[in-house]
Amino acid sequence: MEQSPYIRAMSALYQGRRGDRPAVANPTSIVCHELMEQTGISFPEAHLNYKMMADLAIAGHEIAGFDSVMPEYSVDQEAAALGCTIDWGDKDQMPTAKDFPYADFRDIEVPENLLEKPSIRVVLDAIAYLRKHVGGKAMIIGKVMGPWTLAYHMAGTENFLLQVGLGEEAKVRRMLDQLMPVTIAHLNAQFEAGADVVTLGDHCTRNLVSPKHYEQLLLPLHKIIAREVSGPIILHVCGECSDRLELFSRSGFAAYHFEWSVGALRAVQTIGDRMTLFGCVNNAQTLYQGTPEDVYKQARMAIEAGVDVICPECAIPLSTPLENLKAIVAAAREGFGK
Amino acid sequence: MHELLIKINDAVQKRQQAELVPSIEAAIEAGLNPKAIIDDGLIAAMDVVGSEFSDGIIFVPEMLVSAMLMKQGLKLIKPLIAGGSDEKKGKVLIGTVKGDLHDIGKNIVVMLLEGAGFEVVDLGVDLSVDQVVKKVAELKPQIVGLSALLTTTMPEMQKTIAALTESGFRDQVKVMVGGAPLNQAFADSIGADGYAKDAAEAVSLARRMVSA
């Protein structure tokens, strides 16, 4: 008997009963032009209006066939609430932050009404709307940025990393410590609004920092976040991270969403017994530029390797063909294989 | 190599901030050729730093500190070069494409290209196709470098190359592309002349492009 998408995805999240086939869920955005066209909902409206945000997320479930809904498409919701100027983009462009209000590393002023700031409220309202309309039918995934990524937004990535390189540890730690409560408050609020699981984007990738800096500066905060938030968290770190998988597994987070460059088999063999794995169809060459057959093959490779939940590796390019997204679902429908 | 050049090289390579300026001042006082201080001290150090970065021995924070030290060193020495005119290897116009504000990778490429003797015009981030075409017309570079970190902004590279073709400038410049989500196949598919997987490789590619 076919499982419901919700039970399939939740079961996979906890590495529970396998059911009829692997789950397909998206910790990051799967919005593409064709989904916008078919729903009549576009950017930037879908970043700013909770109903549009939620209805576009539902399209990922109802039209693309994913077992989940994920309504937050930008990485800038918290940054906007903390005072960054955001260009919310248009149908061809994701939002971007235009300034770095704390480039001088002064103390971060977290607004008392953080959760009522429009860019946060819109996500919380969208999640509540999703709970009402697809709760128990599809897995509702929230998304929050971690202190490391927020520090990039506050100080500027290069400026922040330069301080790390210069060994300005006190300065770096103070900023991270001041941002962590923002992450925790937003995570808890998304769970209270109705999220089943929340993605935590915190971009301490090998492309940017050493595993040593992750271990010293961020892992202790990740452990606190995992302890202070009751719901399951999916850690998402873009890029190649194979040199720090063991460290991720010590965070206490339930799951890890990884990119193609990490390698499905390597992720499964290294930490698959300690974290649920979400991954890892390549965005640039396969989903965006490849054929449905290419996508199907790569999704099957992830399934055969033992990845728990199949999905794109990160937010997809907006011009990704919808049929390529559907090819991930088609690959999952073939079942678990060996 | 002179002991002071080794000290300068070490200061940049090993990120010994306190050592750099006194070593350069001592080298100048000792009458060492300013060109040798740049080539054997600073640029040679950055070549090693670039390789260590490519090999995953160091990461962006360490690279940024070395690059900052190299710049400090260049600032001290350049005025001493006769007439202040050191010969440039070529002109590179570089930027991050529309919709993408990620500029660390691009900035590191800029630093290494400058260190390697190229004249670099950094157009910044979030570059529209029209801005690129306008600047190519105005500045007539040999190379245009385009960077993207996001898979969501990669399509902008193709649009930029198409616009260079439509405006008649395509055969006057070499286009090199780079950024975390890219690879050679993508570069080929959009008609770029070259792809570099990291900053050190971008310098080698630029050298090949201007000598071709």
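Attention in this report is confined to the structure presented alongside it.

Within chain A, the secondary structure is distributed over 15 helices and 10 strands. Expressed along its principal axes, the backbone C-alpha trace of chain A runs to roughly 55 × 40 × 35 Å. When burial is assessed residue by residue, chain A has 62% of its 338 residues classed as buried. When contacts within chain A are restricted to residue pairs at least 6 apart in sequence, those whose partners lie at least 24 apart make up 73%. Carbon and sulfur atoms provide 50% of the accessible area of chain A, an area that totals close to 12000 Å². One way to put it: in chain A the 30 positive side-chain charges average out to a point 5 Å from where the 42 negative ones average out.

All right, on to the sheet that holds strand 2 (residues 68–69) of chain A then. Residue and element names in this part refer to chain A. Read across the open sheet, the 8 strands follow the order 1-10-9-8-7-6-5-2; overall the sheet is parallel. Each edge of the open sheet carries a strand with a single partner, namely strand 1 (23–24) and strand 2. As paired strands, strand 2 and strand 5 (residues 139–145) are joined by 2 bridges and run parallel to one another. Paired with S68 across the two strands is M139, which belongs to strand 5.

To continue, consider the packing of helix 5 (residues 104–115) of chain B against helix 9 (residues 199–211) of chain B. Residues and elements named next belong to chain B. Between helix 5 and helix 9, the shortest axis-to-axis distance is 9 Å and the interhelical angle comes to 50°. One finds that helix 5 runs oblique with respect to helix 9. The two elements helix 5 and helix 9 meet at a crossing, and its hand is right-handed. Counting all contacts with helix 5, which are made through I108, V109, L112 and L113, the residues of helix 9 involved are A199, A200, A202, V203 and A206. Class assignment for the residues of the contact of helix 5 with helix 9 results in 9 nonpolar, no polar and no charged.

As a further point, take the interface of chain A and chain B. Every contact between the two is made by 30 residues of chain A and, on the other side, 27 residues of chain B. Taking the shortest distance from any N to any O, the salt bridge between K98 of chain A and D126 of chain B comes out at 2.7 Å. If you look at where chain A meets chain B, you find 5 residue pairs in polar contact (both at pLDDT 80 or more). Broken down by secondary-structure element, the contributors of at least two residues to the side of chain A that touches chain B are strand 4 (96–97), helix 8 (157–165), helix 10 (211–228) and helix 13 (283–288) of chain A. In terms of residue count, the dominant contributor to the side of chain A that touches chain B is helix 8 of chain A (6 residues). Its residues assigned to classes, the side of chain A that touches chain B shows 14 nonpolar, 11 polar and 5 charged.

Attention now moves to unusual backbone geometry. Residues and elements named next belong to chain A. In the segment running from F43 into P44, the intervening peptide bond is cis, with an omega of 5°. The amide bond that connects G279 to the next residue, C280, takes the cis arrangement and shows omega of -20°. Structurally, C280 can be placed in strand 9 (residues 276–281). Of note, F105 is a non-glycine position whose phi angle comes to about 60°, a positive value. Mapped onto the secondary structure, F105 falls in the loop between strand 4 and helix 6 (118–134). For F105, a relative accessible area of 5% puts it in the buried group.

Okay, the sheet that holds strand 3 (residues 143–147) of chain B next. Backbone hydrogen bonds hold the strands of a sheet together, and the pairing may be parallel or antiparallel. All names here are of chain B. Taken in spatial order, the 5 strands make up an open sheet running 2-1-3-4-5, and their pairing is parallel. If you trace the sheet from one side to the other, it starts and ends with strand 2 (119–122) and strand 5 (194–195), each paired once. Pairing geometry for strand 1 (residues 91–96) and strand 3, over 5 bridges, is parallel. Across the sheet, the residue bridging to G95 is L146, located in strand 3. Lying over the sheet, helix 6 (residues 129–139) contacts strand 1, strand 2 and strand 3, oriented at roughly 165° with respect to strand 1. Strands in contact with helix 7 (residues 155–166) are strand 3 and strand 4 (174–178); relative to strand 4, the strand with the most contacts, it is inclined by about 175°.

Moving on: helix 2 (residues 17–29) of chain B. Residues and elements named next belong to chain B. All buried positions along helix 2 are accounted for by L20, S23, I24 and A27. Buried residues in helix 2, looked at end-on, bunch into an arc of 100°, giving them a common side. Residues A18 and E29 are exposed on helix 2 and point more than 90 degrees away from its buried face. For helix 2, the secondary structure elements touched by its buried residues are helix 1 (3–13), helix 3 (34–54) and helix 4 (60–77). One or two positions beyond helix 2, positive phi appears at G31, with a value near 80°.

Here we come to empty space enclosed by the protein. Residue and element names in this part refer to chain A. Per the counting criterion, the structure on display carries 1 cavity of 30 Å³ or more. Taken as a whole, the largest cavity spans an internal volume of roughly 50 Å³. Lining the largest cavity we find N26, I30, V31, L35, L56, A57, G60, S68, V69, M70 and Y73. The set of elements that each furnish at least two residues to the lining of the largest cavity consists of helix 4 (50–62) and strand 2. By residue number, the principal contributor to the lining of the largest cavity is helix 4, which donates 3 residues. Of the residues contributing to the lining of the largest cavity, the split by class is 8 nonpolar, 3 polar and no charged.

Here is what the cut-offs are and how they apply
Along each chain, residues carry numbers from 1 onward, in the same order as the chain's sequence is written. Chains and ligands are labelled sequentially in the order written, the chains with letters from A and the ligands with numbers from 1. With pLDDT at 70 or above as the cut-off, local features in this predicted model cover only qualifying residues; side-chain atom pairs require 80 or more to be listed or tallied, and sums for whole chains, interfaces and linings still use all residues. The basis for the side-chain values is all heavy atoms of the structure; hydrogens and waters are excluded. Put simply, DSSP marks the helices as runs of H or I at least four residues long and the strands as runs of E at least two long, and each gets a number from the N terminus on. Throughout this description, buried means an accessible area under 20% of the type-specific maximum (1.4 Å probe, protein chains only), exposed means over 50%, and partly exposed covers the range between. The contact criterion used is simple: two residues touch if any of their non-hydrogen atoms lie within 4.5 Å. The Shrake-Rupley method, run with a 1.4 Å probe sphere, supplies the accessible areas, and residue values consider only the shown protein chains as cover. Think of it this way: Lys and Arg go in the positive column, Asp and Glu in the negative one, and His and the chain ends go nowhere. By convention, charge coordinates are those of NZ in Lys, CZ in Arg, CG in Asp, or CD in Glu. One requirement defines pairing of two strands: DSSP has to find at least two bridges between them. All axes are obtained by fitting lines to C-alpha atoms, using only the stretch in contact for helices, and the reported angles, taken between N-to-C directions, cover 0 to 180 degrees. Put simply, angles under 35 degrees are roughly parallel, angles over 145 are roughly antiparallel, angles from 65 to 115 are roughly perpendicular, and the rest are oblique. Should the near helix be turned anticlockwise from the far one by less than a right angle, the crossing is left-handed, and should it be turned clockwise, the crossing is right-handed. Residue polarity is assigned by list, with Asp, Glu, Lys and Arg as charged and Ala, Val, Leu, Ile, Met, Phe, Trp, Tyr, Cys and Pro as nonpolar; anything else, Gly included, falls into the polar class. Salt bridges are counted wherever a side-chain nitrogen of Lys or Arg sits within 4 Å of a carboxyl oxygen of Asp or Glu. Two N or O atoms form a polar contact when they lie within 3.5 Å of each other; inside protein one atom must be a possible hydrogen donor and the other a possible acceptor, and for residues adjacent in sequence the pair counts only when both atoms belong to side chains. The arc under discussion is defined with respect to the helix axis, by the directions toward the C-beta atoms. Two kinds of site are reported from a 1 Å grid over the protein atoms alone, namely cavities, where a 1.4 Å probe fits but cannot get out, and pockets, open sets with protein on both sides within 12 Å along at least five of seven lines, and residues are called lining when an atom falls within 4 Å of a point. Grid points are joined across faces, edges and corners, and a volume is the space filled by probe spheres set on the points.

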